[in-house]
Amino acid sequence: MDNITTRTAENAAVTEEQKVKEKYAGEKLYTISMILHPDDDTDYLVKYFFKRPGNPSYNRYVKTASKDMLGALKAFVFDAVVEESKAQLERDLEEYPALALGVGEKLLNMMGLSDLTNLKKL
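For every chain, the first residue of the written sequence is number 1, and numbering continues from 1 onward in sequence order. The predicted origin of the model limits local features to residues at a pLDDT of at least 70 and limits the giving and counting of side-chain atom pairs to 80 or more, whereas totals for whole chains, interfaces and linings rest on all residues. Think of the side-chain values as coming from all heavy atoms in the structure, minus any hydrogens and water.

1. Let's talk about the side chain of Asp-92
Okay, so step 1: Only DSSP runs of H or I with at least four residues qualify as helices, and only runs of E with at least two residues qualify as strands; both kinds are numbered from the N terminus onward. Here Asp-92 is to be found in helix H4 (residues 83-95).
Okay, so step 2: One buried charged residue, Asp-92, remains without a salt bridge, the closest side chain of opposite sign being Arg-91 at 5.9 Å.
Okay, so step 3: Under this definition, polar contacts are N or O atom pairs within 3.5 Å; protein pairs additionally need one hydrogen-donor-capable and one acceptor-capable atom, and for neighbouring residues in sequence, both atoms have to be side-chain atoms. At 2.4 Å, the side chain of Asp-92 and the side chain of Tyr-48 are in polar contact.
Okay, so step 4: What makes two residues a contact is simply this: any of their non-hydrogen atoms within 4.5 Å. Here Asp-92 is in contact with Tyr-44, Val-46, Tyr-48 and Leu-99, once residues within four sequence places are set aside. Residue exposure (1.4 Å probe, protein chains only): buried if accessible area is under 20% of the type maximum, exposed if over 50%, otherwise partly exposed. When charges are counted, neither His nor the chain ends are considered; positive counts come from Lys and Arg and negative counts from Asp and Glu. Here a salt bridge means any side-chain nitrogen of Lys or Arg lying within 4 Å of a carboxyl oxygen belonging to Asp or Glu.

In structure tokens:
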């Protein structure tokens, strides 16, 4: 029975993904999915669809980050999320506010932020 439920959920996810691809044809789309662990006994899978953030969105983020880091990051994330994922993201951020950090980091990576940057004196 669990296998049937899993396949049904996967089919629903594929259908949702196809609808988003069709609606935003021609745009670069991405899926960000994470497994949240609110406690030792709970795993919660979240998945959202995003467009690639634009330079104006990044500029707003940089301009406001020094005053309100979390607010700036949330605004940056909401600039890129597609309409179909927006309501779920809002609900999840109410419950798990640190989610914005993980999602925002992935979006910033798309724009060139790197975890591995090397500097060497010559």
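2. Focus on the environment of Arg-52
Okay, so step 1: The topology assignment puts Arg-52 in the loop between strand E2 (42-51) and helix H2 (55-65).
Okay, so step 2: In this structure, Arg-52 is in contact with Lys-28, Tyr-30, Met-110 and Met-111, ignoring residues within four places of it in sequence.
Okay, so step 3: Of the polar contacts made by the side chain of Arg-52, one reaches the backbone oxygen of Met-110; its length is 3.2 Å.

3. Focus: a negative patch on the surface
Okay, so step 1: Candidates for patches are residues over 30% relative accessible area with no salt bridge; among them, like charges are joined within 9 Å and nonpolar side chains (Val, Leu, Ile, Met, Phe, Trp, Tyr) within 5 Å. Per-residue accessibility takes into account occlusion by the displayed protein chains alone, with areas from the Shrake-Rupley method and a 1.4 Å probe. Lysine's charge is taken at NZ, arginine's at CZ, aspartate's at CG and glutamate's at CD. A surface patch of negative charge is lined by Asp-39, Asp-40, Asp-41 and Asp-43.
Okay, so step 2: The topology assignment puts Asp-41 in the loop between strand E1 (29-39) and E2.
Okay, so step 3: Assessed through its relative accessible area of 76%, Asp-41 is described here as exposed.

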